[in-house]
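# Breakdown of the fold
Residue-level listing of the chains:
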Amino acid sequence: MPQFLEHSMTSWRGQQVEHKQSIVDQFDPRARVLATVIFALTVVFSKTLWLPFLGLLMAFAFALSASLNFRRTLRRMIAMDMFIVVMVLMLPFTMSGDALFHVFGFAASKQGFIHAIGIALKANAVVLTLLSLVGTLEASTLGHTLARLKVPEKLVHLLLFTVRYLDVISREYKRMRKAMKARAFVPKNNLHTWRSFGYLVGMLLVRSLERSERIFDAMKCRGYCGKLYLFDTMQWQQRDTILLLSMASFAVFAIASGAYVA
Amino acid sequence: MHIVDGALSDSVVIGGAVLAVAGIAYGLKRMDLDRIPQIGMLSATFFIASLIHVPVGPSSLHLILNGLIGLALGWTAFPALFIALLLQAAFFGYGGLIVLGVNTVNIALPAVLMGLLLRQLIVNSPPKRAAILGGIAGAGSIALTAVMVGVSLALSGDAFIPAAKLALLSHIPVLVVEALVTAATVYLLVRVKPDFFSHAER
């Protein structure tokens, strides 16, 4: 398996175990989520090239101050860039405009080239900021943050339950894969493999449905009546206001400098 | 599968976000509070299942299983898939933040449609026929997703039409594998836990 897809085989542990404490963790989770949203809106809708470039520089600064694991982050960025690389390479040739250079007789247009660079800059800036400011939260903290930001309760509860059982199911999955391996199962290009994976998913679903029934009974025993009480110690401080204000002024600056006029 | 930020035109991004909010709101409305443990557990399972890499030809691809999700969760597939995509974007860097709406609609709407069309038929079928219907759900949802990804790209400008065609073509192997895997899963579920689909949210 290629290295850049490696995360697909690692178990789900949130970021708790691996993320080192950094300056970013001193900010309130709400401020980090809001700042990321403002940043992404500002960058994504811009019509110029310099603003996404500035955004990418800011994203690098966020990544540095979050002291992200360099190799893991790089791998994820490359994995994301794999999605766009084909499209970005095709754009100069499919967009009409002034010819910049020729490859095998196909003209690469200047407009297409600029557009392609814009997409690459925006995509990388947003993902890097997301990984730095939001990805460094614990997944359950993200749920609590969304609840504090008035996201509907049911959605937050669903997120918290999903996150809570990701690790459990992941371990169940690994156990079953190990059992298959012990019976000499090796994934290949054949019907047997695909059928076995289908049965694996089916069995995983049966077991988790039954587990959820047991959990629900246990929760009812403890007086669950459809509401989770969220306890957290989030405290809004002056530096959170400053972070948000600076992000807002970035947005205002972008609007004022005409970055949204095509 | 995941479209990244910056690729689509503003109107497509906003339209996708509006549709996604509507779908999520309706899905949440259809979901009882005391079913949250069950649905959370199932959506965690689908999250893990989507990390399984299946060898196809010289390379490998990961499962999406949105047809199966639709059969199991119905309208709740909207919030469940939104959460999965949010987690993937925030912690794995897959896709983007502002395009989350478009990505959610592209994956969840086909899931919901397959659930509405085929679930009742599967409940009333013997295992073999249920497996075939499951295969149709798996293939159909991927085909619809591919078309919707293509349409989101094509609506964003004529220059994207070749990329949209490429996206359509690249979904063909996914479609075949998803159909086979979903058929096998449905077959096993109908045999092992016959009330799985009737049990799930309508």
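Residues numbered from 1 in each chain as written. Chains lettered and ligands numbered in written order. Predicted model: local features only at pLDDT ≥ 70, side-chain atom pairs only at ≥ 80, totals over all residues. Heavy atoms only, no water.

This next bit is on the overall build of chain B. What chain B contains, in helices and strands, is 8 helices and 2 strands. Starting at the N terminus, the α and β elements of chain B follow one another as α-α-β-β-α-α-α-α-α-α. Taken over C-alpha atoms, the radius of gyration comes to 16 Å for chain B, in line with the 17 Å a tight globule of 202 residues would show. Once the C-alpha set of chain B is aligned to its principal axes, its extents read approximately 50 × 40 × 30 Å. Per-residue burial over chain B gives 67% buried out of 202 residues. In chain B, 78% of the contacts between residues at least 6 apart in sequence involve partners at least 24 apart. Taking the average location of the 10 positive side-chain charges in chain B and that of its 8 negative ones, the two points are 15 Å from each other. (Helix = DSSP H or I, 4+ residues; strand = E, 2+ residues; numbered from the N terminus. Rg over C-alpha atoms; globule rule 2.2 N^0.38 Å. Buried < 20%, exposed > 50% of the residue type's maximum accessible area, 1.4 Å probe, protein only. Contact = heavy atoms within 4.5 Å. Lys, Arg positive; Asp, Glu negative; His and termini not counted. Charge placed at Lys NZ, Arg CZ, Asp CG, Glu CD.)

Glancing now at the overall build of chain A. From N to C terminus, chain A includes 8 helices and 2 strands. Reading chain A from its N end, one meets helices and strands in the order α-α-α-β-β-α-α-α-α-α. A compact globule built from 262 residues would reach a C-alpha radius of gyration of about 18 Å, whereas chain A, at 23 Å, exceeds it by more than 25%. Counting only C-alpha atoms, chain A reaches 65 × 55 × 30 Å along its principal axes.

A word on unusual backbone geometry. The backbone phi angle of A184 of chain A is positive, close to 65°, even though this residue is not glycine. Tracing the chain through its elements places A184 of chain A in the loop between α6 (153–182) and α7 (191–221). With a relative accessible area of 64%, A184 of chain A lands in the exposed category. A positive phi is found at L65 of chain B, a non-glycine position, where the angle reads about 60°.

With numbering aligned to this structure, UniProt lists the feature "transmembrane region" (unreviewed entry) at residues 7–27, 39–56, 68–91, 97–118, 130–155 and 167–190 of chain B. Regarding residues 7–27 of chain B, the helix share stands at 86% and the strand share at 0%, and the terminal C-alpha atoms are separated by 28 Å. (UniProt positions renumbered as here; feature names shortened; annotations may be inferred.)

All names here are of chain A. UniProt's feature table lists "transmembrane region" (unreviewed entry) at residues 49–70, 82–107, 113–134 and 242–261, given in the numbering used throughout. Here residues 49–70 is 77% helix and 0% strand, with 26 Å between the C-alpha atoms at its ends. This span, residues 242–261, is 75% helix and 0% strand, and a straight line between its end C-alpha atoms measures 28 Å.

We now examine the interface of chain A and chain B. Taken together, the contacts link 83 residues of chain A with 72 residues of chain B. Across the chain A/chain B interface, buried area totals approximately 6,800 Å², and carbon plus sulfur atoms make up 81% of it. The tally of links from chain A across to chain B stands at 2 salt bridges. For D10 of chain B, the salt bridge is made with K47 of chain A, and the minimal N-O distance between the two is 2.7 Å. Summed over the shared surface of chain A and chain B, the result is 9 residue pairs in polar contact (both at pLDDT 80 or more). Broken down by secondary-structure element, the contributors of at least two residues to the side of chain A that touches chain B are α1 (29–44), α3 (70–94), α4 (110–134), α5 (139–148), α6 and α7 of chain A. With 23 residues, α7 of chain A is the largest single contributor of residues to the side of chain A that touches chain B. (Buried area = accessible area lost by both parts, 1.4 Å probe. Salt bridge = Lys/Arg side-chain N within 4 Å of Asp/Glu carboxyl O. Polar contact = N/O pair within 3.5 Å; in protein donor to acceptor, adjacent residues only side chain to side chain.)

We now examine the packing of helix α2 (residues 36–49) of chain B against helix α3 (residues 66–73) of chain B. Residue and element names in this part refer to chain B. Relative orientation of the contacting elements α2 and α3 amounts to 170°, with a least axis distance of 11 Å. Taken as axis vectors, α2 and α3 run roughly antiparallel relative to one another. Contacts between α2 and α3 involve I39, L42 and F46 from the first element and L68, I69, A72 and L73 from the second. The class makeup of the residues in the contact of α2 with α3 is 7 nonpolar, no polar and no charged. (Axes fitted to C-alpha atoms, helices over the stretch in contact; angles between N-to-C directions. Parallel < 35°, antiparallel > 145°, perpendicular 65-115°, else oblique. Nonpolar A, V, L, I, M, F, W, Y, C, P; charged D, E, K, R; others polar.)

Another aspect to go through is empty space enclosed by the protein. The gaps left among the atoms become clear once a water-sized probe is rolled over them. Residues and elements named next belong to chain B. A full pass over the atoms with the stated rule returns 1 cavity of 30 Å³ or more. For the largest cavity, the calculated volume is near 200 Å³. If you trace the largest cavity, you find 17 residues lining it, with S50, I64, L81, A84 and Q88 closest to the centre. Sorting the residues of the lining of the largest cavity by element identifies α2, α3 and α4 (77–92) as the ones contributing at least two each. (1 Å grid on protein atoms, 1.4 Å probe; cavity = no way out; pocket = protein on both sides within 12 Å on 5 of 7 lines; lining within 4 Å. Points joined across faces, edges and corners; volume = space filled by probe spheres on them.)

Let's shift gears to the domain arrangement of chain A. The domains assigned to chain A are domain 1 (3–145 + 232–256) and domain 2 (152–221). Domain 1 of chain A and domain 2 of chain A are separated by 32 Å when their C-alpha centres are compared. (Domains from an automatic or database assignment.)

Okay, the pattern of salt bridges next. Residues and elements named next belong to chain A. Counted under the stated rule, the structure contains 9 salt bridges over all chains. The shortest N-O distance in the salt bridge between D28 and R30 comes to 2.9 Å. Note on accessibility: D28 and R30 belong to one class, buried. The partner of R211 in a salt bridge is E172, with the nearest N and O atoms 2.6 Å apart. Here R211, found in helix α7, pairs with E172, found in helix α6; they are 39 residues apart in sequence, far enough to count as distant. Judged by its relative accessible area of 9%, E172 is buried. Put simply, E172, R175, R207 and R211 are held in one network by salt bridges that share partners.

This paragraph deals with the layout of surface pockets. All names here are of chain B. One number sums up the size of the second largest pocket: a volume of about 820 Å³. Along the walls of the second largest pocket sit 33 residues, with V21, F82, L86, L97 and L100 positioned nearest its centre. Of the residues forming the lining of the second largest pocket, the biggest block, 8 residues, is contributed by helix α1 (residues 10–29). Looking at side-chain class alone, the lining of the second largest pocket contains 31 nonpolar, 2 polar and no charged residues.

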